[in-house]
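Understanding the architecture of this molecule
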Amino acid sequence: MSRNKGMFISIEGGEGTGKTTQIGMLAESLRKQGHDVVTTREPGGTPEAEKIRELLVHRNGGDWTPMAEILLFFAARQMHVTQLIMPALTAGKIVISDRFTDSTRVYQSYGHGVEPDIIESFVHLALGGFEPDMTFILDIAVDKGLARAGRRQNETDIKEDRFEKIGMAFHEKLRQGFFAIAERFPERCVMIDADRTINEIANEMQMIALRRLQNV
Ligand SMILES: Nc1ncnc2c1ncn2[C@@H]1O[C@H](COP(=O)(O)OP(=O)(O)O)[C@@H](O)[C@H]1O
Ligand SMILES: [Mg+2]
């Protein structure tokens, strides 16, 4: 898949880092600068991909093996890219997605231990190697992010405390995974310190995105 117009931006990061908050602010600020902006999300973004989202994110969506889960993510992503993202880019629009392939790399590989090459094979097979033009990775300490997301467990309950620790260790792996992604794809990825006010973060992201747009 190739193209020569538009710009595809993904927003990545753990739970409660502010992805959904910032995507709206970035879209609004770029629109004010006269850009045509489409916002979307993963898994999902198109009617069929949203059906697959149900299977992946709902508690009763299914008990998938890690491989089946990856296939579902890429089935959704393939339709998302061909039916929504590429047509919008070809029309010269800016597309901003709340999560993209880096989330699969981080959750399925750094989190659940799937061989990284397997994921790269699917990027190649399903997407023809398609990647965002730029990726913002929002970063904040795991406990702060989870607190923001309203996921902090009750510290007085021993069982819940144990669960929280397991959860925290997994989320810490994800955070390290995002650091590794930023190192692996330095030209595409920009780490953003998300432990600041919403406006401070939005201003920095807007500035960086506008600078990139001038250089396209
Ligand atoms: N910079 C920030 N400072 C404080 N609270 C924030 C900040 N960014 C987002 N929030 C709040 O934290 C919660 C999670 O933000 P959200 O954008 O939904 O994160 P994500 O989509 O990454 O999980 C929301 O209630 C949001 O209003
Ligand atoms: Mg969100």
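Coordinates for the structure precede this section.
So, here's what we can say about the structure. Remember, predicted model here, so these are calculated numbers, not experimental data.

Let's talk about the overall build of the protein
Along the backbone of the protein there are eight helices and five strands. In the protein, the succession of helices and strands from N to C terminus is β-α-β-α-α-β-α-α-β-α-α-β-α. Taking 2.2 N^0.38 as the reference for a compact globule, 216 residues should give roughly 17 Å; the C-alpha atoms of the protein span a radius of gyration of 17 Å, in line with that estimate. Reported as C-alpha extents along the three principal axes, the dimensions of the protein are approximately 55 × 40 × 30 Å.

Quick word on the site of ligand 1
By nearness alone, 13 residues border ligand 1, and Gly16, Lys19, Thr20, Thr21 and Arg196 come closest of all. Contacts to ligand 1 include Gly18, whose backbone N or O atom sits 3.0 Å from an oxygen atom. For the shell around ligand 1, the elements supplying multiple residues, two or more each, are helix 1 (19-32) and helix 8 (198-215). Top contributing element to the shell around ligand 1 by residue count: helix 1, with three residues. Along the lines of polarity and charge, the residues of the shell around ligand 1 split into two nonpolar, seven polar and four charged.

Concerning helix 8
In a regular helix each residue adds 1.5 Å, so 18 residues correspond to 26 Å; helix 8 covers 26 Å between its end C-alpha atoms and thus fits that length. Taken as a whole, helix 8 has its buried residues at Ile201, Ala202, Met205, Gln206, Ile208, Ala209, Leu210 and Leu213. Where helix 8 is buried, its residues meet strand 1 (7-13), helix 1, strand 3 (94-98), strand 4 (134-139) and strand 5 (189-193).

Concerning the layout of surface pockets
Put simply, the largest pocket is a space of about 660 Å³. Residue lining of the largest pocket: 23 residues in total, with Glu15, Val57, Phe73, Arg99 and Tyr107 positioned closest to the centre. Of all elements in the fold, only helix 1, helix 2 (47-57), helix 3 (66-90), helix 4 (101-111) and helix 7 (158-184) reach the threshold of two or more residues within the lining of the largest pocket. Among the elements that take part in the lining of the largest pocket, helix 4 stands out by supplying four residues, more than any other. Looking at side-chain class alone, the lining of the largest pocket contains seven nonpolar, six polar and 10 charged residues.

Things to note about the packing of helix 3 against helix 5 (residues 116-127)
Contact geometry for helix 3 and helix 5: axes closest at 10 Å, N-to-C directions at 30°. Relative to helix 5, the element helix 3 is oriented roughly parallel. By crossing handedness, the relation of helix 3 to helix 5 is classed as right-handed. Where helix 3 approaches helix 5, its residues Met67, Ile70, Leu71, Phe74, Arg77, Gln78 and Val81 are matched on the opposing element by Ile118, Ile119, Phe122, Val123, Ala126 and Leu127. When grouped by side-chain class, the residues that make up the contact of helix 3 with helix 5 number 11 nonpolar, one polar and one charged.

Conventions and cut-offs
Residues numbered from 1 in each chain as written. Chains lettered and ligands numbered in written order. Predicted model: local features only at pLDDT ≥ 70, side-chain atom pairs only at ≥ 80, totals over all residues. Heavy atoms only, no water. Helix = DSSP H or I, 4+ residues; strand = E, 2+ residues; numbered from the N terminus. Rg over C-alpha atoms; globule rule 2.2 N^0.38 Å. Near = heavy atom within 4 Å. Polar contact = N/O pair within 3.5 Å; in protein donor to acceptor, adjacent residues only side chain to side chain. Nonpolar A, V, L, I, M, F, W, Y, C, P; charged D, E, K, R; others polar. Expected span 1.5 Å × (residues − 1). Buried < 20%, exposed > 50% of the residue type's maximum accessible area, 1.4 Å probe, protein only. Contact = heavy atoms within 4.5 Å. 1 Å grid on protein atoms, 1.4 Å probe; cavity = no way out; pocket = protein on both sides within 12 Å on 5 of 7 lines; lining within 4 Å. Points joined across faces, edges and corners; volume = space filled by probe spheres on them. Axes fitted to C-alpha atoms, helices over the stretch in contact; angles between N-to-C directions. Parallel < 35°, antiparallel > 145°, perpendicular 65-115°, else oblique. Left-handed = near helix turned anticlockwise from the far one by under 90°.

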